[in-house]
Amino acid sequence: MVSTPHITLRNGVTMPQFGLGVFQVPANHTAAVVQAALDAGYRLIDTAQMYGNERQVGEGIARSDVPREDVFVTTKLANDLHGYDGAIAALDESLNQLGTDYVDLYLIHWPWPQQGRYLETWQAFEKVAADGRARAIGVSNFQPQHLDRLAADSNTVPAVNQIELHPAFQQAELRTYHATHGIATEAWSPIAQGKVLGEPVITELAERHGRSPAQIVLRWHIQLGNIVFPKSATPSRIAENIDIFDFALSDADMTAIGRLDRGMRTGPDPARFPG
Ligand code: NDP
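Thresholds applied
Residues numbered from 1 in each chain as written. Predicted model: local features only at pLDDT ≥ 70, side-chain atom pairs only at ≥ 80, totals over all residues. Heavy atoms only, no water. 1 Å grid on protein atoms, 1.4 Å probe; cavity = no way out; pocket = protein on both sides within 12 Å on 5 of 7 lines; lining within 4 Å. Points joined across faces, edges and corners; volume = space filled by probe spheres on them. Helix = DSSP H or I, 4+ residues; strand = E, 2+ residues; numbered from the N terminus. Nonpolar A, V, L, I, M, F, W, Y, C, P; charged D, E, K, R; others polar. Expected span 1.5 Å × (residues − 1). Buried < 20%, exposed > 50% of the residue type's maximum accessible area, 1.4 Å probe, protein only. Contact = heavy atoms within 4.5 Å. Pairing = 2+ DSSP bridges. Axes fitted to C-alpha atoms, helices over the stretch in contact; angles between N-to-C directions. Phe/Tyr/Trp six-rings, centres within 6.5 Å; stacked < 30°, edge-to-face > 60°. Lys NZ or Arg CZ within 6 Å of the ring centre and 35° of its normal.

(A) View of the layout of surface pockets. Its volume calculated, the largest pocket comes out at about 720 Å³. Lining the largest pocket are 34 residues, and of these F23, Q24, S189, Q193 and K231 lie nearest its centre. Going through the elements one at a time, α8 (213-224) and α9 (235-242) are the ones with two or more residues in the lining of the largest pocket. Each residue belonging to the lining of the largest pocket can be placed in one class, and the counts come to 16 nonpolar, 14 polar and four charged. Of the voids in this model, the second largest pocket is the one considered here, and its volume is about 150 Å³. Lining of the second largest pocket is provided by 14 residues; of these, H6, P16, R43, D70 and F72 occupy positions nearest its centre. By residue number, the principal contributor to the lining of the second largest pocket is strand β2 (residues 14-16), which donates three residues. In terms of residue class, the lining of the second largest pocket is built from four nonpolar, five polar and five charged.

Below is the structure:
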């Protein structure tokens, strides 16, 4: 079984740098997928209220041989529940679904600047962190101006910002912002939902290292310091994706992948979503 490296967040909590994302894993399949991942050595599961499979994530953990306290569970607040009371009640519901009395990391899923309630929502996040119902709190899809607003008007810097990030969309500006402010970078859609795996640079590196294209891209993330949780509902890929801790890309390999950046989003632009 593979064991994964850890990152220490700004509040001292440590979390695995690698795990499983369960967006678009059908609810009736999720418990089995989570169990397969835990069996393979995964210790981080990334879900969200909006994925509709929190209950099955909890079931997968409960059915596995891995104790709850050894699994790092992240969930995210649904967009329609922004606001102080909404966010507190939403976490209660997530904990109920997950069958646990705390999450390891709780995230504001999208800033939704048009609605403009993320600051009030963040105050509820500070409260659930103080109560111990979330061991760490963070945000997702926040841009520098949203992070600046939290810095100006609240007392807590987010532990992480979870953003779309892969070789075709490398987010240099946000990564620099995170590094400057002590915010860990989580990369969603780390393999661009498969869209970067046919890039000649990636397939050539895969051949040279005797690895799959997905392993090359995931290894690139790890060496950049990103936290990654590729989604797969396929047992062979779940095993393949975690098998990246016994080889290294050279500086030249990293530079070659760095040149693939072309501003290609696979998901929505946070400035306009959900509208
Ligand atoms: P990924 O980049 O992880 O790609 C997932 C896709 O790639 C699936 O179709 C999967 O297929 C396929 N795949 C997985 N492993 C391999 C492999 N080794 N070789 C070839 N294909 C492979 O995309 P996601 O969008 O799912 O992102 C990962 C996670 O990030 C999500 O599950 C979620 O937790 C998080 N996320 C967060 C967002 C946010 O707004 N905060 C937005 C989007 C994602 P299959 O399952 O059939 O094996």
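(B) Seen up close, helix α1 (residues 27-40). Along its 14 residues, α1 runs 20 Å from first to last C-alpha, staying within 8% of the 20 Å computed at 1.5 Å per residue. Of all the positions in α1, only T30, A31, V33, V34, A37, L38 and A40 are classed as buried. Looking at the packing, one finds that the buried side of α1 touches β3 (20-21), β4 (44-46), α2 (54-63) and α9.

(C) Quick peek at unusual backbone geometry. Put simply, F273 and P274 share a cis peptide bond, and its omega is 0°. By secondary structure assignment, the location of P274 is in the segment after α10 (251-258). Positioned with a positive phi, W112 is a non-glycine residue whose angle comes to about 45°. Structurally, W112 can be placed in the loop between β6 (103-108) and α4 (118-130). Here the phi dihedral of Q193 falls at roughly 55°; this positive angle occurs in a residue that is not glycine.

(D) Structural view of the sheet that holds strand β7 (residues 134-140). Taking strand neighbours across the sheet as the criterion, the eight strands line up as β3-β4-β5-β6-β7-β8-β9-β10 in an open arrangement whose pairing is parallel. The strands lining the two open edges of the sheet, one partner per strand, are β3 and β10 (227-228). Bridge count between β3 and β4: two bridges; the pairing is parallel. Opposite G21, over in β4, you have D46 as the bridge partner. Each of β8 (160-164) and β9 (184-188) is contacted by helix α6 (residues 172-181), which is oriented at about 170° to β8, the strand it contacts most.

(E) Spatial organisation of the packing of aromatic side chains. Taken as a whole and judged by the stated rule, the model has eight aromatic pairs. With centroids separated by 5.9 Å and ring planes inclined at 85°, the aromatic side chains of F18 and F245 adopt a geometry described as edge-to-face. Note that F18 is positioned in the loop between β2 and β3 and F245 in the loop between α9 and α10, a separation of 227 residues in sequence. Among the residues examined, F245 registers a relative accessible area of 25% and is labelled partly exposed. Consider the rings of F23 and Y51, whose centres lie 4.9 Å apart with planes at 35°: the pair is tilted. Of this pair, F23 sits in the loop between β3 and α1 while Y51 sits in the loop between β4 and α2; the two residues are 28 residues apart in sequence, bridging distant segments of the chain. You can call Y51 buried: its relative accessible area is 18%. Within the aromatic cluster, the residues linked to one another by ring pairs are F18, Y42 and F245. Over the face of the ring belonging to Y102 we find R68, whose NZ or CZ atom lies 4.0 Å from the ring centre. Taking NZ or CZ as reference, R219 lies 5.9 Å from the ring centre of F247, over its face.

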